[in-house]
Amino acid sequence: MLCPICNGFEQIAAACPSCSAVMNDYGRTDDFTAPYAPYQPFSDPGAEATNNRGTMASDLRSELSCRHVIYCPNCAKTYEAAVTKWL
Ligand SMILES: [Zn+2]
Ligand SMILES: [Zn+2]
């Protein structure tokens with residue numbers, strides 16, 4: 001499975017839900033949020049276990065779709081789009 005957007009086969013074609021402007025692709029959500037992810041190393045072992053489960057769940061979803069950050073230059077807002085991967 002591969003994402004046609006990440007691999008450059010297609011341009012993301014998303015219209016802003018507010019103003020219908022063509023939105024820009026800002027790359028994968030994971031890449032975009034990684035430096036700012038709220039999941040900092042946590043000393044509490046219980047919290048760490050919760051984070052691990054959450055990561056596994058998102059990995060499962062990411063096998064079917066690739067989440068991208070899309071940006072509307074009109075509204076200066078970012079949204080998340082799920083791109084269906086090619087089989
Ligand atoms: Zn992608
Ligand atoms: Zn907009």
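Residues numbered from 1 in each chain as written. Chains lettered and ligands numbered in written order. Predicted model: local features only at pLDDT ≥ 70, side-chain atom pairs only at ≥ 80, totals over all residues.

Where an unreviewed UniProt entry is consulted, the protein appears under the name DZANK-type domain-containing protein, with the organism given as Paenibacillus solisilvae.

### Quick notes on the overall build of the protein
Along its length, the protein carries 2 helices and 3 strands. Residues classed as buried in the protein amount to 9% of the 87 residues present. Considering only contacts in the protein between residues 6 or more positions apart, those separated by 24 or more positions represent 64%. (Helix = DSSP H or I, 4+ residues; strand = E, 2+ residues; numbered from the N terminus. Buried ≥ 20, exposed ≤ 12 C-beta atoms within 10 Å, placed from the backbone. Contact = placed C-beta atoms within 7 Å.)

### Brief notes about the sheet that holds strand E2 (residues 65-72)
Read across the sheet, 3 strands follow the order E1-E2-E3 without closing on themselves; strand pairing throughout is antiparallel. With one partner strand each, in any of the chains shown, strand E1 (24-28) and strand E3 (77-84) form the two edges of the open sheet. The mean angle between the axes of side-by-side strands here comes to 35 degrees, regardless of whether they run parallel or antiparallel. Where E2 meets E3, 8 bridges bridge the pair, whose relative direction is antiparallel. Within the sheet, the bridge partner assigned to Ile70 lies in E3 and is Tyr79. (Pairing = 2+ DSSP bridges. Axes fitted to C-alpha atoms, helices over the stretch in contact; angles between N-to-C directions.)

### Focus on the confidence of the model for the protein
Taken residue by residue, the protein gives an average pLDDT of 78. The fraction at 70 or more is 66%. Within the protein, no element has a lower average pLDDT than helix H2 (residues 45-61), which sits at 49, and none a higher one than E2, at 94. Counted against residues more than four places away or in other chains, residues 47-57, with its pLDDT under 50, gives 3 contacts. (pLDDT = per-residue confidence, 0-100.)

### Topic: the environment of Asp30
Within the fold, Asp30 resides in helix H1 (residues 29-33). Taking the C-alpha atoms as reference points, Asp30 and Arg67, 37 residues apart in sequence, are found 7.6 Å from one another.

### Description of the pairing of E2
For E1 and E2, the ladder comprises 3 bridges, and the chain directions are antiparallel. Looking at E2, one finds that Asp25 is bridged to Ile70. In this structure, the hairpin formed by E2 and E3 is closed by a connection of 4 residues, where Ala76 is found at a positive phi of approximately 55 degrees.

### A few points about the environment of Asn74
In this fold, Asn74 is placed in the loop between E2 and E3. It is 8.8 Å that separates the C-alpha atoms of Asn74 and Cys16, two residues lying 58 residues apart in sequence. In contact with Asn74, not counting residues within four places along its chain, are Cys16, Cys19 and Ala21.

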